[in-house]
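Commentary on secondary and tertiary structure
For reference, the chains in residue letters:
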Amino acid sequence: MLRRRLGRGGPLVSAMGLGCMGMSDFYGPADEAESTATIHRALDLGLTFLDTADMYGPYTNEELVGRAVARRRDEVFLASKFGVVRSGDRRARRVDSTPAYAKRACTASLRRLGVDHLDLYYLHRRHPAVPIEDTVGAMSELVAEGKVRHIGLSEVSADTLRRAWATAPVAALQSEYSLWTRGLEREILPTARELGVTLVAYSPLGRGLLTGTLTGVDTLAPDDIRRDQPRFHTKNLAANLRLVQRVRALAGNLGCTPAQLALAWLLAQPYSVIPLPGMRRRTHLDENAAALALTLSAEQTQLITDAIPEASGDRAPDLSRLEK
């Protein structure tokens, strides 16, 4: 299994992670038996970097992951997140990045996961009224207490990342990054590289569009969040599906699937990037893991970059705008 270092002088982890969110939330009906089998298959393949969060479910995804890894905890590099608080309304959420909440949330996550520590703990979203120094200070106290091994942030600006790093070492930044979502390249990725912070790229397959298997929203579950996302709206979707055809053609030339091409492109970037595809089924897992064996040359990587512009439509609504 290919490995990459997490942070400056940090641990080596699998070069691809397993995003567990969709196993419990946002993408249609859950199948715990298949999800558990997928997690076990990932561990068998050496994909041991598992990602969850308290807001997935909410709460139920951590419980699922905890049950799945209970007998194999020593094999797992386990990451979770705090900061997004959901209520009974599926769409309602608020951000709490206060130090007190960080500590309460960590204790609750450890209980749900059935573990005594998290290998990586992210601030999922930052509230602009709470200084990042205060939040990261509380997270560093969790490290000192042995409840957390490494600190991560998600969807923060370059300036916030610098301020956080000045407070305590930050191992990872989890933000959206893919073949057609490349805004990070202007400021955030260069800053992360300078500081030695590893980028964990969520939605590396464009929420399924870059796999080449999704042609519309009609087949999606009624509660699938993609139905509400701008890139899946009619005009944007038509333009984006044309880009997918380019990806499909490029993949055909290389003898791989569109998903494998998109993941290999991320792995070939001149930064330390760990793709985090969300995978709910073993078939998808096996296909995506095969991308680790696909090595793109610098010329091939540039050809793909030049051929695929950013997608049409804003990326999925999220709370990163609070950072602006």
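This structure is a prediction, so every number in the text was calculated from the model and none was measured. (Residues numbered from 1 in each chain as written. Predicted model: local features only at pLDDT ≥ 70, side-chain atom pairs only at ≥ 80, totals over all residues. Heavy atoms only, no water.)

Once that is clear, we can look at the pairing of strand β5 (residues 77-82). Taking burial as the measure, the six residues of β5 include six buried ones, the bulk of the element. Side chains Phe77, Ala79 and Lys81 project from β5 onto one buried face, and the interleaved Leu78, Ser80 and Phe82 project onto a second face that is buried too. Pairing geometry for strand β4 (residues 49-51) and β5, over three bridges, is parallel. Looking at the pairing, aspartate 51 lines up with alanine 79 of β5. Read as a crossover between parallel neighbours, the route from β4 over helix α2 (residues 60-69) to β5 is right-handed. Inspection of the sheet shows β5 paired to strand β8 (residues 118-123) by four bridges, in the parallel sense. Its bridge partner being in β8, phenylalanine 82 is matched across the sheet by leucine 123. (Buried < 20%, exposed > 50% of the residue type's maximum accessible area, 1.4 Å probe, protein only. Helix = DSSP H or I, 4+ residues; strand = E, 2+ residues; numbered from the N terminus. Pairing = 2+ DSSP bridges. Right-handed = clockwise from strand over helix to strand, strands pointing away.)

Inspection of the entire model under this criterion finds 19 salt bridges. One salt bridge connects arginine 282 with glutamate 34, and the closest N-O pair in it is separated by 2.6 Å. Highlighted residues: arginine 282 in helix α9 (residues 282-289) and glutamate 34 in helix α1 (residues 32-45), separated in sequence by 248 residues. Residue arginine 282 is classed as partly exposed on the basis of its relative accessible area, which comes to 37%. On the accessibility criterion, glutamate 34 (17% relative accessible area) is buried. Salt-bridge contacts for glutamate 62 lead to arginine 112; the nearest nitrogen and oxygen are separated by 2.7 Å. Within this pair, whereas glutamate 62 is found in helix α2, its partner arginine 112 is found in helix α3 (residues 99-113), the two being separated by 50 residues in sequence. Its relative accessible area of 11% is what places arginine 112 among the buried residues. (Salt bridge = Lys/Arg side-chain N within 4 Å of Asp/Glu carboxyl O.)

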